[in-house]
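# Residue-level structural notes
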Amino acid sequence: MTRTLLLLAAALCLLAGCVRVHVHGDPAAYRRATTGTDLRIATYNTSLYAETAGGLAERLRAGDPAARKIAAVLQRVRPDVVLLNEFDYDARGEAADLFQRDYLETAQPGGGEPLRYPYRYFAPVNTGVASGLDLDGDGRIGREGRAYGNDAWGYGLHPGQYGMLLLSRYPIDADAARTFQRLRWSAMPGARRPRDPDTGTPFHPDAVWAQLRLSSKSHWDVPVRTPLGVLHVLASHPTPPVFDGPEDRNGRRNADEIRLWTEYLSPGERPWLCDDAGRCGGLAADARFVILGDLNNDPVDGDGVHEAILELLEHPRVLRHPTPRSDGAVAAAQAAGGANAAHRGAHAHDTGDFGPRAGNLRLDYALPSVGLRVVGSGVFWPAPGEAGADIVDGSDHRLVWVDLAPASPSAGRSGP
């Protein structure tokens with residue numbers, strides 16, 4: 001180790017209390033020293049949204065306590081690339097500017113050193129965008145409140161609510177990014193069209209079904225030029241598989257939103273899979289990627305069509321690696337009780353605290369491709385009494401991270 005690296009390692013130990021890095025998600029693993037890890041990628045549902053347009057910027061200007069905790073978590077984990085779900089979209093990026101300048105780039109209580117991301121990507125989403133159609137089947141087109149949200153292309157009280165924001169230390173190729181905001185659900189072969197379970201008749205009339213968009217927010221393929229080469233960030237936030245009726249329209253939509261990535265990674269021509277710029281087809285066979293987002297589907301517990309997430313997890317192009325975990329998730333499930341007692345999945349894998357009625361679930365994913373190597377991972381969820389336990393409640397979700405290196409320990413670095 002060079003003298004410079006020795007000094008850097010010593011400084012990091014002083015800042016972090018010489019914590020131990022644990023490959024499967026030791027709660028202290030957020031402070032990464034110089035261990036040879038190349039790239040830390042994370043996903044985080046931040047719950048940074050408001051019920052009115054411009055409301056998130058107002059929250060942030062006022063000094064939002066939850067946003068300070070979110071920023072503190074990010075300052076501790078220090079991902080190189082991170083997807084933020086439920087971060088309201090505004091075309092000028094005002095909320096993103098405020099969050100980056102006043103929260104991430106300012107040391108927060110319980111956090112770490114200021115954190116700067118010189119590159120970011122955001123784009124319009126379907127949430128809160130009026131469809132002009134009766135999508136919830138109540139016989140009218142909602143004009144305000146929840147009725148408006150139910151008839152928007154994706155549930156939301158204003159355009160951009162529950163949006164997405166991608167932050168990166170490395171250059172983003174925005175010109176090569178693909179978005180699938182307007183892809184029609186009916187275009188997907190074998191789409192899970194909602195139907196009345198008693199009669200088998202379609203829930204949506206044909207004229208509505210033909211227009212209904214698949215993505216409740218959007219699906220993005222954003223190339224990032226990293227030290228490991230170009231990495232395609234596949235970002236999404238499928239609708240929760242609840243808040244519907246016996247037709248299971250949200251559960252079916254959630255499953256097909258997840259299936260979009262399964263189709264996108266699979267070989268063969270897909271002329272129906274066209275992005276918003278009109279380019280059709282999936283991801284190149286030799287491309288490296290990481291799937292990020294709150295996918296709102298646990299592999300075994302809670303609501304949803306679990307086969308959809310299982311098919312994605314078991315896709316031949318998705319790398320098999322130990323599931324990110326934490327001790328805090330175990331403690332939280334035991335303390336909450338309720339539905340957690342009947343869950344079959346490992347509590348250590350949970351990524352969100354949803355109360356005793358629903359129980360805690362694994363909903364948030366960071367799934368790298370084959371051709372990469374996972375050298376560390378975790379869920380930022382310290383157990384009670386451990387450092388950082390007081391900042392995890394900025395959101396009901398927890399940050400999930402993976403550390404990536406070239407597939408072979410001897411492989412050289414590529415890219416810029």
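Model, not experiment: these values are computed from the prediction.

What follows deals with the state of the cysteines. Following the criterion strictly, the structure yields 1 disulfide and no others. Sulfur-sulfur distance for the disulfide between cysteine 274 and cysteine 280 comes to 1.9 Å. Disulfide cysteine 274 to cysteine 280: torsion about the S-S bond roughly 95°, handedness right-handed.

Quick look at helix H9 (residues 327–336) now. Within H9 the residues assigned to the buried category are Gly328, Ala329, Ala332 and Ala333. Seen from one end, H9 has its buried residues packed into an arc of 130°, which puts them on one side. Of the residues in H9, the exposed ones pointing more than 90 degrees away from the buried face are Gln334 and Ala335. A side-chain oxygen of the first residue of H9 lies 3.1 Å from the backbone nitrogen of alanine 329; this N-cap is serine 326. Just beyond H9, the residue with positive phi is glycine 337, at close to 60°.

Here we take up unusual backbone geometry. You will see that glutamate 86, though not glycine, has its phi angle at about 55°, which is positive. Summarising the element assignment, glutamate 86 is placed in strand E2 (residues 81–87). We note that phenylalanine 243 has phi near 65°; this positive angle belongs to a residue other than glycine. If you trace the backbone, phenylalanine 243 turns up in the loop between strand E7 (229–236) and helix H7 (249–265). You can call phenylalanine 243 exposed: its relative accessible area is 60%.

Here we take up the nonpolar core. In terms of nonpolar packing, the biggest core is built from 33 residues, with Leu265, Ile291 and Leu312 touching the most fellow members. Broken down by secondary-structure element, the contributors of at least two residues to this core are helix H6 (206–209), H7, strand E8 (288–294), helix H8 (306–313) and strand E9 (364–368).

The strand order across the open sheet built from 5 strands is E5-E6-E7-E8-E9, with neighbouring strands paired in mixed fashion. The sheet terminates laterally at strand E5 (178–179) and E9, the two strands that pair on one side only.

So, on to the confidence of the model for the protein chain. Predicted confidence across the protein chain gives a mean pLDDT of 91, with 89% of residues reaching 70 or more. Long-range and interchain partners of residues 1–36, a stretch whose pLDDT sits below 50, account for 49 contacts in this model, where long-range means more than four residues apart. Taken as a whole, residues 410–416 scores under 50 in pLDDT and shows 12 contacts with residues more than four places along the chain or in a different chain.

This next bit is on the sheet that holds strand E10 (residues 372–379). Here we have 6 strands laid out as an open sheet, ordered E3-E4-E2-E1-E11-E10, and mixed in their pairing. Each having just a single partner strand, strand E3 (119–121) and E10 make up the two edges of the open sheet. Averaged over all adjacent pairs, the angle separating strand axes in this sheet is 20°, with direction ignored. Here E2 pairs with strand E4 (residues 164–168) via 5 bridges, running antiparallel. Within E4, the position partnered with valine 82 by the bridge is leucine 167. Along the sheet, helix H4 (residues 94–104) contacts strand E1 (39–48), E2, E3 and E4; its crossing angle with E2, the most-contacted strand, is approximately 120°.

Once that is clear, we can look at the packing of helix H3 (residues 65–77) against H4. Running from N to C, H3 and H4 point in directions that differ by 70°, and their axes come no closer than 10 Å. Considering the angle they form, H3 stands roughly perpendicular to H4. Side by side, H3 and H4 meet where Ala67, Arg68, Ile70, Ala71, Leu74 and Gln75 of the first sit next to Phe99, Asp102, Tyr103 and Leu104 of the second. Residue composition of the contact of H3 with H4, grouped by class: 7 nonpolar, 1 polar and 2 charged.

This part covers H7. Along its 17 residues, H7 runs 25 Å from first to last C-alpha, staying within 8% of the 24 Å computed at 1.5 Å per residue. Among the 17 residues in H7, 16 count as buried, and that is most of the element.

About the thresholds
- Residue positions are given per chain, counted from 1 along the sequence in the order it is written.
- Totals for whole chains, interfaces and linings use all residues, but because this is a predicted model, local features are given only for residues with pLDDT of at least 70 and pairs of side-chain atoms are given and counted only at 80 or more.
- Values shown for side chains rest on all heavy atoms present in the structure; no hydrogens or waters enter the calculation.
- Pairs of cysteine sulfur atoms within 2.5 Å are identified as disulfides in what follows.
- Using a 1.4 Å probe on the protein chains alone, a residue whose accessible area is under 20% of its type maximum counts as buried, one over 50% counts as exposed, and one in between counts as partly exposed.
- In DSSP terms, a helix is any run of H or I states spanning at least four residues, a strand is any run of E spanning at least two, and both are numbered starting from the N terminus.
- Taken from the helix axis, the directions to the C-beta atoms give the arc we talk about.
- Any pair of N or O atoms that falls within 3.5 Å is considered a polar contact. Within protein, one atom must be able to donate a hydrogen and the other to accept it, and sequence-neighbouring residues count only if both atoms are side-chain atoms.
- Only buried residues count toward a nonpolar core, which is a set of Ala, Val, Leu, Ile, Met, Phe, Trp, Tyr and Cys residues joined through side-chain atoms within 4.5 Å.
- Strands qualify as paired when DSSP identifies two bridges or more between them.
- For every residue, the pLDDT score states the predictor's confidence, bounded by 0 at the bottom and 100 at the top.
- We call two residues contacting when some pair of their heavy atoms lies within 4.5 Å.
- A fitted line through C-alpha atoms represents every axis, and for helices the fit uses only the stretch in contact; the resulting angles, taken between N-to-C directions, go from 0 to 180 degrees.
- Orientation labels follow simple angle bins: below 35 degrees gives roughly parallel, above 145 gives roughly antiparallel, 65 to 115 gives roughly perpendicular, and whatever is left gives oblique.
- Amino acids are sorted into nonpolar (Ala, Val, Leu, Ile, Met, Phe, Trp, Tyr, Cys and Pro), charged (Asp, Glu, Lys and Arg) and polar (every other residue, Gly among them).
- To estimate how far a helix should extend, the number of its residues minus one is multiplied by 1.5 Å.

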